[in-house]
Amino acid sequence: MRSFLPAVAEQLFRDIQKTYQETSQIPNDLLIALKFVFGSCALQALDLVDQHSVTCLTSPSGRKAFQVTGGSGHLYTCFLSCHYCPCPAFAYSVLRRNEGLVCKHILAVYLSRAMAATQQEIVSDQQMSLLLSGTMDP
């Protein structure tokens, strides 16, 4: 999958994945780097991962989408393939103001994948099509 993140962010996720596989924790130096690269949403994203808020939806045809339950309980369907989240913070801070690379929901998806903490759910191709078209409630 083509990445939309800078190389430094990609390397950071690789380092987190390697260290987390070995020690089941993220050391302080990587937490500081995470905060430096992603700003204030890093802590919020880690909190979402700790709460097991990220689910990967996979269809038999191989399509994937991620659903993240936000802090308010709202469910956001995120797409890493096009680097998109429907939350207001993504629209305002990332797209409109260009103040960050990602919102906390997309960062939570990247982190949960690096930490192997993503819940898995299989959905039918029809359900995925409805989800992708926006006609199915998450």
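Because the structure is predicted, anything quoted here is derived from the model rather than measured.

> I keep staring at the overall build of the protein and nothing clicks. Help me out?
Looking only at helices and strands, one finds six helices and four strands in the protein. Tracing the protein from N to C terminus, the helices and strands come up as α-α-α-β-β-β-α-α-β-α. Relative to the compact-globule value of 14 Å for 138 residues, the protein shows a C-alpha radius of gyration of 15 Å, a close match. Along the first, second and third principal axes, the C-alpha set of the protein runs to 45 × 35 × 30 Å. Looking at the 138 residues of the protein, the share that counts as buried comes to 40%. For the protein, restricting intrachain contacts to residue pairs at least 6 apart in sequence, the fraction spanning at least 24 positions comes to 56%. Just so you have it, the protein exposes about 8000 Å², and 52% of that area is on carbon and sulfur atoms. Between the averaged position of the 10 positive side-chain charges in the protein and that of its 10 negative side-chain charges there is a distance of 8 Å.

Conventions and cut-offs
- Residues numbered from 1 in each chain as written.
- Predicted model: local features only at pLDDT ≥ 70, side-chain atom pairs only at ≥ 80, totals over all residues.
- Heavy atoms only, no water.
- Helix = DSSP H or I, 4+ residues; strand = E, 2+ residues; numbered from the N terminus.
- Rg over C-alpha atoms; globule rule 2.2 N^0.38 Å.
- Buried < 20%, exposed > 50% of the residue type's maximum accessible area, 1.4 Å probe, protein only.
- Contact = heavy atoms within 4.5 Å.
- Areas by Shrake-Rupley, 256 points an atom, 1.4 Å probe, with all protein chains shown as cover.
- Lys, Arg positive; Asp, Glu negative; His and termini not counted.
- Charge placed at Lys NZ, Arg CZ, Asp CG, Glu CD.

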